[in-house]
Amino acid sequence: MISAFFIFNQKGEVLISRLFRTDFKRSIADVFRIQVVSNPDVRSPIITLGSTSFFHTRVNNLYVVAVTKSNANAALIFEFCYKFINIAKSYFGKVDEESVKNNFVVIYELIDEIVDFGYPQNSEIDTLKTYITTESVVSSAVAVEESSKITAQATGATSWRRGDVKYKKNEAFVDVIENVNLIMSAKGNVLRADVDGHIQMRAYLSGTPECKFGLNDKLVIDKSQGSGGDAVELDDCHFHQCVRLHEFDLTRTISFVPPDGEFELMRYRSTTNVKLPLRVLPTVTEIGTSQVSYAVTVKANFNSKLSATNVVLRIPTPLNTTNVECKVANGKAKYVPAENVIVWKIPRIQGGQECTLSANAELTSMTTRQVWARPPIDVDFQVLMFTSSGLIVRFLKVFEKSGYTSIKWVRYLTKASGTYQIRF
Amino acid sequence: MSVRGPRKGENYELSIDLNSEYRDKRKDAIKRVIAAMTVGKDVSGLFPDVLKNMQTEDLEQKKLVYLYLMNYAKTQPELVILAVNTFVKDTDDPNPLVRALAIRTMGCLRAEKIIDYLSDPLQKGLRDENPYVRKTAALCVAKLYSLKPELVIENGFLEQLHDMISDANPMVVANTVAALTDIHMTATSQLSSSSAGPVPEGEGIFVISPAILSKLLIALNECSEWGRVAILNALARYEAQGEKESDHICERVVPQFQHANGGVVLAAVKVIMIHIRGVQRPELIKSLIKKMAPPLVTLLSSPPEVQWVALRNINLLLQKRPDILQSEMRVFFCKYNDPLYVKVEKLDIMVRLAGENNVEALLSELKEYSSEVDVDFVRKSIKAIGQTAVKIDSAAERCVNVLLELINTRVSYVVQEAVVVMKDIFRKYPSTYEGVIPTLCSNLDELDEPEAKASLIWIIGEYANKIDNADELLGIFVDSFTEESYPVQLQTLTAVVKLFLKKPDSSQGVVQRVLNTATKDCDSPDVRDRAYIYWRLLSSDPASAKAVVLADRPPISIPQTTVAPALLEKLLGEISSLASVYHKPEETFVGKGRVGADSVQRGPTGLSDAQRALQTVAQGQQAENLLDLDSDEVSGDTTSLGGGLSSGLAAMEITPAAKNIISGTSSNPLDDLVSIFGNSTPAMSSNVSSPVQQSQSSQFGGMGGFGDLGLSPTAPKPAGNASSPQQQQGQEEDLLGLF
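This is a predicted model, so every value here is computed, not measured.

## Some points on the confidence of the model for chain A
Then, in step 1: Per-residue confidence for chain A gives a mean pLDDT of 86; residues scoring 70 or more make up 92%.
Then, in step 2: Note that pLDDT drops below 50 for residues 221-228 of chain A; the model gives that stretch 10 contacts with residues more than four away or on any other chain.

## Focus: the domain arrangement of chain A
All names here are of chain A.
Then, in step 1: When the domains of chain A are assigned, the result is domain 1 (4-123), domain 2 (171-273 + 391-422) and domain 3 (278-384).
Then, in step 2: Inter-centroid distance (C-alpha atoms) of domain 2 to domain 3 is 33 Å.
Then, in step 3: Opposite the 13 residues of domain 2 that make contact, domain 3 presents 13 residues.
Then, in step 4: Interface of domain 2 and domain 3: buried area, both sides summed, is about 1200 Å²; carbon and sulfur atoms make up 54% of it.
Then, in step 5: On the domain 2 side of the interface with domain 3, the three residues burying the most area are Leu413, Tyr420 and Ile422, jointly 47% of the side's total.
Then, in step 6: Our count for the domain 2 to domain 3 interface comes out at zero salt bridges.
Then, in step 7: Across the contact surface, domain 2 and domain 3 share six residue pairs in polar contact (both at pLDDT 80 or more).

## A word on the sheet that holds strand S24 (residues 393-399) of chain A
Residue and element names in this part refer to chain A.
Then, in step 1: The three strands are arranged S14-S10-S24 in an open sheet whose pairing can be described as antiparallel. A single partner strand is all that each edge strand has here, and the edge strands are strand S14 (254-256) and S24. Across the sheet, the mean angle from the axis of one strand to that of its neighbour is 15°, orientation sign disregarded.
Then, in step 2: In the sheet, strand S10 (residues 210-215) pairs with S14 via three bridges, with the strands oriented antiparallel.

## Points about the environment of A:Asn60
Residues and elements named next belong to chain A.
Then, in step 1: Mapped onto the elements of the fold, asparagine 60 is located in the loop between strand S4 (52-59) and strand S5 (62-68).
Then, in step 2: A sequence separation of 37 residues divides asparagine 60 from glutamate 97, and the C-alpha atoms of the two residues are 8.1 Å apart.
Then, in step 3: If sequence neighbours within four positions are ignored, asparagine 60 has contacts with Val95 and Asp96.
Then, in step 4: For asparagine 60, the side chain forms a polar contact with the main-chain oxygen of valine 95, separated by 2.8 Å.

## Looking at the pattern of salt bridges
Then, in step 1: A full pass over the atoms with the stated rule returns 53 salt bridges over all chains.
Then, in step 2: For B:Asp92, the salt bridge is made with B:Lys124, and the minimal N-O distance between the two is 3.0 Å. Remark: B:Lys124 occurs in helix H8 (residues 119-126) and B:Asp92 occurs in the loop between helix H5 (77-90) and helix H6 (96-108); sequence separation between them is 32 residues.
Then, in step 3: Its salt-bridge partner being B:Asp116, residue B:Lys148 comes within 3.2 Å of it at the nearest N-O pair. Here B:Asp116 lies in the loop between helix H7 (112-115) and H8 and B:Lys148 lies in the loop between helix H9 (131-147) and helix H10 (149-154), a separation of 32 residues in the sequence.
Then, in step 4: Through salt bridges that share partners, A:Arg18, A:Asp112, A:Glu113 and B:Arg104 make up one connected network.

How each quantity is defined
Residues numbered from 1 in each chain as written. Chains lettered and ligands numbered in written order. Predicted model: local features only at pLDDT ≥ 70, side-chain atom pairs only at ≥ 80, totals over all residues. Heavy atoms only, no water. pLDDT = per-residue confidence, 0-100. Contact = heavy atoms within 4.5 Å. Domains from an automatic or database assignment. Buried area = accessible area lost by both parts, 1.4 Å probe. Salt bridge = Lys/Arg side-chain N within 4 Å of Asp/Glu carboxyl O. Polar contact = N/O pair within 3.5 Å; in protein donor to acceptor, adjacent residues only side chain to side chain. Pairing = 2+ DSSP bridges. Helix = DSSP H or I, 4+ residues; strand = E, 2+ residues; numbered from the N terminus. Axes fitted to C-alpha atoms, helices over the stretch in contact; angles between N-to-C directions.

Structure representation (structure tokens):
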């Protein structure tokens, strides 16, 4: 369990501090400042000093820190820290020093609600928002009834949903979002290609709707079994807590009562038959010790009706680069000395299209010749209505007592940011 | 009202505002007080003023005042009494949120006086019709227990909690379980720490019976993510009655693998790893293990910190069940932008998963990593190449080729690490890759780290008869002998003696020179003593010198486990806890069990858990370094003989010198083990070192024991006492500098 919770700014000043147990004094925060914030050599997210363990995560130059003296569940504590960051994001828009300082009252209220005696409690954003608000709540006779509903929701079997939701138009939006991980070797072999997908749902449905969800998936537990048909093999999937895991385990159906509003219905992972939307062919040659020439081609490997947008290639240059001349037919390319990369931005690539960059980097001579590490080329992009895994939503059925009809929308998006790496 | 403190300053202004007639102004002042409190300013003087604002309809303001109270109640116990009335009144409020808030806050006040008033409201809270209040009250019992256990027992709260396990609301069940577990832990730790004194009837406060089990299994599927973790933790403590029950628990827990929260997934893994011990049906075991792999891999797309925790645990799981992720090595490939701690852990796991079928991919990855920027990571990658070579015979040649390519980059730290690794490969495959030696020797000038130097010298000494200019090469080190670090000196000494035994004609001069320098000009007793032994051996009986110095070395291999089997089982039962992240028993870093050096040595419970655990840590640490330890005994008996003798003698006869070494730096691996624990170092290291010392003595026969005896009286205090053998051990390992 968590004994204390802190938020520090980059300088190590305490922005939020909350002790849950008697085993610490406030001064424990100074220990963290001295040992972690002002120590550049810290390389582990958990620091144990004596019998005190500090778990820290960083977000926008803030340290979110949980402290414990016991043999605590490390995964739980980090998940909790991230949960807190998510809650704060959804409350304040962003999590940085300013927003924490401006909202410290609400943050204390939130912490008080989501942790008790070091044990995380209800952390469903939807529920929290019903009774912890940025405006003040007055406890009056009218509020009592409302509170009873809230408490029922906060502790109930469906803690994520209140019973009295009403919409004129019943709609459900399903976004299938896939993140492609790629590591391609210099020889053009795919070393690792897999998809981290998640299905984001926005449900605006009245009452307590019972949903059933179907994909063209088949979960492979035993990889030796042959595959057939167009079914997509999912290596693993994880569900929002509203999904009945036991039922999924037995019958493979995804059935649930959705929370109201936006939530992540499921996360999945697929490693077979991953379609790579963009193919990058780099030719980088070091000419003597004073020049490096680049020829980088990007090919869009999908249906010509679709297009990749916001394509950004980050092509590393040696550390002693002085100047880079770039020539591109599409988009804009610029050398960014601070990061030692050529940033090539292409707003849109149509399916089947090919774009090429040629560049020449001039290097200064160095006294000690050091081999250039050649970090990989990194590609960020988005492709709408395309899934790398080939996953398709087959159906989404909504059943409710009142028997209303509902409209469902499905969108697909494949993207990469920082995970699509091509070595050269 | 009485006037306190100076009539100016921030606190004075706040005090005026807190007493303002306008509600907004008062509320704003409270906020400012809380802000000041957060940054650490002392605003305890405002206690009475803040307290006045407690009775309000405004929930937010109430919470703020409560927050203030929680902070300062301890320092102002007399004044807290004033708040009691409001609290008690609040626990009767029609609004359940207010009732719960009051109970929650009262439990956090930690003031003796208010606790006595807590019992009645708590009694009501536990029976409240609203589940939100009940779940808050359940945890409050645990709070009360940590302050005044007698009160909990007198009021029968424990029985009430037991009844509440059957509550209809899953959140209440989860919190009840959390509270009971908490109380159970507190009680048992008190029990073990104070054998005397009044112990509450704590033994097994929360024993999970089969009846409770079924209730927990039902609640598991319905409660919140955090509640699931609490319940899974309780399930982990249950002792299954027979095979059927183990099967049942596993089947019920497996669906939790699909939960989005990594904490839940790992907690479920823990329960399975415990209860799988009772499962007999091989097909069920197989399917459980199969189902475990995908969620573990998925955890790798979590945020880096969660990833790291998962990786550390996967590392443990692989030690128990190496087949679990056999086909999944690719997902452990490092991304360029992974944090270092994640990369290092992935490396370790990749080597673990290496097999004939994937070694090609692994090697090309490792080669790639060896050109990255971070020096630490590059070194670890190169080390991993060496481990792969030692692990997979058929891949050794490819590994050697990769190493050669790396040596040709001429990047200093790459070359040095590669040389160190090559030494291990020579240990494993003697006389196989001799063609590499010229390349290694040509990089002699590049080496400036003791470990790399010592490794190369060892290689030269080992293959002295195959290297034409071995005497020349070793001559370089003999010339600079006094400037080298001790490990290099020791290694040079041994290598020259080997050279002499192999090629007596050409190297008489060198050996004379090195023995002379080592005995006369060297200030390390270890080096000196070893030189004396060699000298005497050579002068009295060259034949037995040969038998000793050129004896065959035991083969090396990569240990499959880095922790002792008993400890591994224990840690698998604590998956996802800090202990499993550190791969060390919790006694080594958690308050109560973290015993000082003395208590372990003369503790009445000779075989306390802590002590046993510490021994296992030491063993584990040894196993981890098995490769290196073995290579320490470069020339078999000689080294151990020489080393044992020298350290023993040194400490006995030349105490000042020994102290010198002690105060000097050491690249002792135990330091690595301990460094992570920061200020606990003295206690830890001394504990850990004793078993190591034991193993050392057994290794050296009587000699080690001699050293041990000789040391104890010279040491000023217990910590020093323990640290000297440790230091010796450090010397022992540094001897050949093969770390």
